[in-house]
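Structural features, examined
Chain by chain, the residues run as shown.
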Amino acid sequence: MSRDPLRRFSPIAAACAALLAVGAVRPASAQEAPTTATPPSKAERIEITGSRIKRTEDESALPVQVITREEIIKSGVTTAAEAMRNLSANSGGLSDGGSISPGAYDQKGFNSANLRGIGTSSTLVLLNGRRMANFASPGDDAGVDLNNIPAAAIDRIEVLLDGASAVYGTDAISGVINFITRKDYTGAEVNVYVGDSQEGGAGKRAASVTAGYGTLADNGFNIFGVFDVQRTDALSTSQRSFIKDLKIPERLPHLLSGYTSPANIRLSGDQLEYLQSQGVQINGSLIDSRTINFSAPNCNPPANLHLPTGTGGAQACTYDYMRDTELYPKSEKLSFLGRGVTEIAGGHELFAEVALARAKTWYVGSAARVTGTIDYSLVPELAGLSGLQDVDPEIELRMRLEEAGRRTSELTSTSQRYVVGMSGSVGDWDYEWGLNHSVSSVSDRDTHGYLLYNELMQGIADGLVNPFGPSSAAGQALIDSIQVDNVVRRARGTMDSLDFSVTRSFGKLDGGPIGVALGGELRREKSTFNPSALLMSDNINNDFAPEGGEATSDQRRVAAFYGEMQLPLTKKLELQLAARFDHYEGVGNTANPKIGARYLVSPQWLLRSSFGTGFRAPSMNDLHRPTQYGTTSTLPDPVYCATVDNDLADCAWNWDTRHYSNAKLKPEHSRQFSLGTVFNPHPLWSVSLDYWNIQKRDVISEVGDDVILANLDKFENLVHRYNENEGLDGCDYNPDDNSICYIEMRKENRGRQKASGLDIVVEMKGLKTPAGVFGTRLAGTWMLQSEQQPSPELGYISNLGRFVTDGVVQRWRHRLSFDWERGAWSASIGNTYYSGYKDQNSAINTDDGSVVAKNRVKAYSLWDLSGAYEVSKDFTVRAGVQNVFDTAPPFSNQAYYFISGYDPSYTDPRGRFFYVSARYQIR
């Protein structure tokens, strides 16, 4: 049976298909009863994200920013993930560029949103007001993969910037992003998109077809669907001139690799002393380093360099992996979204939604590293030194296996979402219910560059594979025969839910009728993780089996109920009161209130405020994910440093880490409030300013490895050493070795987190002049505070305008746009801006012990331009340029991401990018 989720059929899927079919064949009976009079028109009442009570006003007590379909089209983006880059409140979300790291398998392929920079897991992402299954692959973050939402299907994006929604979930501590798709669409529309970068690489082709038929008013039904396909090409470092301009080998040699081709040799102290006693030299000088390479200083350029200040040191070679790796992965995305609605007796509506998506991403990195030992006799320059047999005959290799090719993995993420429901009125009550089945599946396949480790080491021992030069034909044949092509990990997350809400108005206050909403949700969450037998054999080079990596299967039930009241006390003053009760199986219960107020000072001036509390239960990943291995950036160990006179060349290293979940975690709690104003000084102008403040306690997190080593008096228990007889796997007891075996990174409820800032939106629309109609919009976020307490014993550490552990929150971010229209012509200019910040400034050169020169990362500003011509009423052509000035990512010495020389989490390495799109409509 096929495991392709796009081919699987669930009961809810069958119901959706049946409803879509009913809508397609329903006769146009709604026209049979003619009307004799047209009722007077009324102001349309709409539901705004953050409340279930429909209203006629655009502005509620809660701050909501809207990204329209027109804005999405003008900016030239084709996915929800790309659209989020233009949201100033989004900071530190996961991206493809940031997840490129061969050998790191923590949620590759996951593109996420992160409102306020306080964590992906604290941002709730909805599709048409309902939840989706979280990205299935186990890791640090829990959230929806934005790759699964095509921009072609989006009508608008509503962003509730006030957290802890009592309506949608109090786990939305930093806010709610509601992707609202097109509804009740009739006609057909075809969109095509072709784009390419100026220097080549990262080209994109996309196409979508939208078709719909029927209206509720005329036919009693509507059915429509959107099919979208996209393909993006890879972008390699060799295709970008700015990589050379960063001068990484000169500026950041200590962030490159000591695994080279020909292989470096790492000597023990005794071996070094013996070779010195024998007068062994490299490049005419007596050996004085434990890392050596007899090919130095020639090495094997251009990738293998002699960099005396590099990780290989003065008597070995250093590998510049930034010369031949990928900055942007190749990807293919395929999605379908369909919706059908039909009227049934009594004015009720039955609806169904189907959303299917598959995203394939190919991650390609440098050739594999090989660590192992060989007999000294296999090193030509040492073969005649028989004394090594008595000293220590095993020589440690640090080898780059270029003959195996670059490491490539194929990440396939699929999602399914089926919703059936009904809405209508019974008496004075409006109601809606929905049954939601949502699935996320992820498979990770090693496709090239990963070899069977034991067979490789045997081939080296047998002399077939040469670590110090080209291998024989037999050696190359062996390498080819032991290439791994295997799905090494599968993960699946399922969410089933039933939600309902009822609303009505009753009574009357001075400002109008009282609005009431009641609702609830019953939800089951399930996650499974299945490593392959080959992975668990611990025999894949560079993809070794993690501790506790066996298959897992976990589930829990969640129940929630909420109530909401809209109290128009006067014509000017309105209160919004809400409360929510949640029960998480295995975690506990919580009740959280929400209070909002809006005061209309004048027709042009509105004041608003809100206060609420939040509750985020630990995710399934937080509670149950398998242990994951990693390494730190190059950091000093104060305990070891004390024994070597604080020589950083000896006591700083990329220490091993092990990341653990924790089944005993408690939930996070939060308190947030906002205070803002909306001012309309002129019919064309609108200005809003909102202050917001979020405080979390019992924050679920790991302590950063840099924080642990800088505060060993508090965290020594998380550092496991070889001279501690703890009986831990991989930490063989040695009373004379006080170096670090590994650092324990365990999820705990640790300390508090604070964030606050100002959101500002200035907008002008519809300025008519002889030259055309003009508009402009500025949406920006000024951060006032962003800090976290690693543990109750420590003070707060701020990452505001400063790179700490894994990222930075810039003080100011904005999106600025200018629009113009005249007749059939239109144009748009946009600017996305991130302010500069203090760099990480912690990397250490292990050859001479020097610390990287301090750096301040420059501000990053990207301009885009697009223009459109309406050839006819039905045919529009648009052309655009992203990154008009070909601005390169600013230099950074951050050592957290695999990509060196800049921060890949928010920058765009594509450079100047041109695109053309066309839209043809059949109305």
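Residues numbered from 1 in each chain as written. Predicted model: local features only at pLDDT ≥ 70, side-chain atom pairs only at ≥ 80, totals over all residues. Heavy atoms only, no water.

**Quick look at the overall build of the protein**
A count of helices and strands for the protein gives 15 helices and 46 strands. The C-alpha radius of gyration computed for the protein amounts to 30 Å, which stays within 12% of the reference 29 Å derived for 923 residues, consistent with globular compactness. Seen through its C-alpha atoms, the protein measures out along the principal axes to roughly 110 × 60 × 60 Å. With 923 residues in all, the protein has 57% of them scored as buried. Within the protein, contacts between residues at least 6 apart in sequence are counted, and of these 72% link residues at least 24 apart. In the form shown here, the protein has an accessible surface area of approximately 37,200 Å², with 53% of it arising from carbon and sulfur atoms. In the protein, 90 positive and 108 negative side-chain charges are present, and the distance between their average locations comes to 9 Å. (Helix = DSSP H or I, 4+ residues; strand = E, 2+ residues; numbered from the N terminus. Rg over C-alpha atoms; globule rule 2.2 N^0.38 Å. Buried < 20%, exposed > 50% of the residue type's maximum accessible area, 1.4 Å probe, protein only. Contact = heavy atoms within 4.5 Å. Areas by Shrake-Rupley, 256 points an atom, 1.4 Å probe, with all protein chains shown as cover. Lys, Arg positive; Asp, Glu negative; His and termini not counted. Charge placed at Lys NZ, Arg CZ, Asp CG, Glu CD.)

**Some words on the environment of Val 558**
Within the element layout of this structure, Val 558 appears in strand E23 (residues 552-567). Judged by its relative accessible area of 4%, Val 558 is buried. Counting along the chain gives 401 residues from Val 558 to Ile 157, while the straight-line C-alpha distance between them is 27 Å. When neighbours within four sequence positions are excluded, Val 558 is seen to be in contact with Glu 521, Leu 522, Arg 523, Glu 525, His 583 and Tyr 584.

**Some words on the side chain of Asn 436**
Mapped onto the fold, Asn 436 is located in strand E20 (residues 429-448). A relative accessible area of 1% means that Asn 436 is categorised as buried. A polar side-chain atom of Asn 436 sits 3.0 Å from the main-chain carbonyl oxygen of Arg 131. (Polar contact = N/O pair within 3.5 Å; in protein donor to acceptor, adjacent residues only side chain to side chain.)

**Focus: the pattern of salt bridges**
As enumerated under the stated definition, the model contains 44 salt bridges in all. Between Arg 205 and Asp 233 there is a salt bridge whose closest N-O contact spans 2.8 Å. Taken together, the residues Arg 205 in strand E7 (residues 204-213) and Asp 233 in the loop between strand E8 (221-232) and strand E9 (235-236) connect sequence positions 28 residues apart. As a salt-bridge pair, Arg 231 and Glu 332 come within 2.4 Å of each other at their nearest N and O atoms. Placement of the pair is Arg 231 in strand E8 and Glu 332 in strand E17 (residues 330-344), with a sequence separation of 101 residues. (Salt bridge = Lys/Arg side-chain N within 4 Å of Asp/Glu carboxyl O.)

**Some words on a nonpolar patch on the surface**
Side chains of Val 190, Val 192, Val 209, Phe 227, Val 229, Phe 336, Tyr 920 and Ile 922 sit close together on the surface and give an oily, nonpolar patch of about 660 Å² of accessible area. Tracing the backbone shows Ile 922 in strand E46 (residues 913-922). (Patch = residues over 30% accessible without salt bridge, like charges linked within 9 Å, V, L, I, M, F, W, Y side chains within 5 Å.)

**What about unusual backbone geometry?**
Apart from glycine, the bulk of residues carry a negative phi angle, and the bulk of peptide bonds sit in the trans form. Pro 262 follows Ser 261 through a cis peptide bond whose omega is 5°. You can see Pro 262 is positioned in the loop between helix H5 (248-251) and strand E10 (264-266). Phi is positive for Lys 247, close to 50°, though the residue is something other than glycine. Inspection of the secondary structure assignment puts Lys 247 in the loop between helix H4 (241-245) and H5. Classification of Lys 247 by relative accessible area gives partly exposed; the value is 47%.

**Some remarks on helix H8 (residues 453-461)**
Spacing of three or four residues puts side chains on the same side of an α-helix, whose turn is 3.6 residues. Considered for burial, the residues of H8 that qualify are Tyr 453, Leu 456, Met 457, Gly 459 and Ile 460. Angularly, the buried residues of H8 cover 155° about the axis, an arc narrow enough to put them on a single face. Each element contacted by the buried residues of H8 is listed here: strand E18 (348-375), strand E19 (394-426) and helix H9 (473-481). (Arc of directions from axis to C-beta.)

**Observations regarding empty space enclosed by the protein**
Under the definition given, this model contains 9 cavities of 30 Å³ or more. A volume near 530 Å³ is recorded for the largest cavity. In this structure, the largest cavity is lined by 28 residues; those nearest its centre are Asn 134, Ala 142, Glu 525, Arg 556 and Ser 619. No other element matches strand E22 (residues 512-531), which puts 4 residues into the lining of the largest cavity. In terms of residue class, the lining of the largest cavity is built from 12 nonpolar, 9 polar and 7 charged. (1 Å grid on protein atoms, 1.4 Å probe; cavity = no way out; pocket = protein on both sides within 12 Å on 5 of 7 lines; lining within 4 Å. Points joined across faces, edges and corners; volume = space filled by probe spheres on them. Nonpolar A, V, L, I, M, F, W, Y, C, P; charged D, E, K, R; others polar.)

**Side note on the state of the cysteines**
Applying the stated rule across the entire model yields 3 disulfides. Between the sulfur atoms of Cys 299 and its disulfide mate Cys 317 the distance is 2.2 Å. Linking Cys 299 and Cys 317, the disulfide has an S-S dihedral of approximately -95° and is accordingly described as left-handed. Taken together, the residues span a long stretch of sequence, with Cys 299 in the loop between strand E13 (291-292) and strand E14 (304-305) and Cys 317 in the loop between E14 and strand E15 (318-319) at a distance of 18 residues. Each member of the pair, Cys 299 as well as Cys 317, is classed as buried. One disulfide in the model links Cys 641 with Cys 651; its S-S distance is 1.9 Å. Disulfide Cys 641-Cys 651: torsion about the S-S bond near 85°, hence right-handed. (Disulfide = S-S within 2.5 Å.)

**Looking at the environment of Ile 177**
Here Ile 177 shows up in strand E5 (residues 175-181). Expressed as a C-alpha distance, the spacing of Ile 177 and Asn 114, which sit 63 residues apart in the sequence, is 9.9 Å. Beyond its immediate sequence surroundings of up to four residues, Ile 177 is in contact with Met 84, Ala 113, Leu 115, Thr 123, Leu 124, Val 125, Leu 126, Ile 157, Glu 158 and Val 159.

**Details of the sheet that holds strand E34 (residues 719-721)**
If you walk across this open sheet you meet the 4 strands as E27-E30-E35-E34, and the pairing is mixed. Of all strands in the sheet, those with a lone pairing partner are strand E27 (628-631) and E34, marking the two edges. Between one strand axis and the next, the sheet turns through 30° on average, direction left out of account. Looking at chain direction, E27 and strand E30 (residues 656-660) are connected through 4 bridges and run antiparallel. Bridge pairing in E30 places Gly 630 opposite Thr 657. (Pairing = 2+ DSSP bridges. Axes fitted to C-alpha atoms, helices over the stretch in contact; angles between N-to-C directions.)

**Observations concerning the pairing of strand E25 (residues 588-602)**
Note: strand E24 (residues 573-584) against E25, 12 bridges, orientation antiparallel. Of the residues in E25, the one forming a bridge with His 583 is Asn 589. Hairpin connection between E24 and E25: a loop of 3 residues separates the two successive antiparallel strands, and Gly 586 in this loop has a positive phi of roughly 80°. Looking at chain direction, E25 and strand E26 (residues 605-616) are connected through 8 bridges and run antiparallel. The residue of E26 that forms the bridge with Leu 600 is Leu 606. Where E25 folds back onto E26 in an antiparallel hairpin, the turn is made up of 2 residues.

**Let's talk about H9**
Residues Gly 475, Leu 478 and Ile 479 constitute the buried set of H9. Projected down its long axis, H9 carries its buried residues within an arc of 100°, all on one side. Set apart from the buried face of H9 by more than 90 degrees, the exposed residues are Ala 473 and Ser 481. Packing partners of the buried residues in H9 comprise E19 and H8.

**Looking at the packing of aromatic side chains**
For the coordinates displayed, the defined rule picks out 15 aromatic pairs. Measuring from centroid to centroid gives 6.3 Å for Tyr 837 and Tyr 906, while their planes differ by 65°, and the two rings are edge-to-face. You can see Tyr 837 sitting in strand E42 (residues 837-838) and its partner Tyr 906 sitting in the loop between strand E45 (875-882) and E46, a full 69 residues away along the chain. Residue Tyr 837 shares its accessibility class with Tyr 906, and that shared class is buried. Taken together, the aromatic side chains of Tyr 834, Tyr 837, Tyr 860 and Tyr 906 make up a single cluster linked through ring pairs. Lying across the ring of Phe 891, Arg 251 places its NZ or CZ 3.5 Å from the centre. Its end group placed over the ring of Phe 913, Arg 910 keeps NZ or CZ at 4.5 Å from the ring centre. (Phe/Tyr/Trp six-rings, centres within 6.5 Å; stacked < 30°, edge-to-face > 60°. Lys NZ or Arg CZ within 6 Å of the ring centre and 35° of its normal.)

**Focus: the environment of Val 125**
Take Val 125: it is sitting in strand E2 (residues 123-127). Judged by relative accessible area, which is 5%, Val 125 ranks as buried.

**As for the pairing of E8**
The pairing of E7 with E8 spans 10 bridges and is classified as antiparallel. Across the sheet, residue Lys 204 finds its bridge partner in E8, namely Thr 232.

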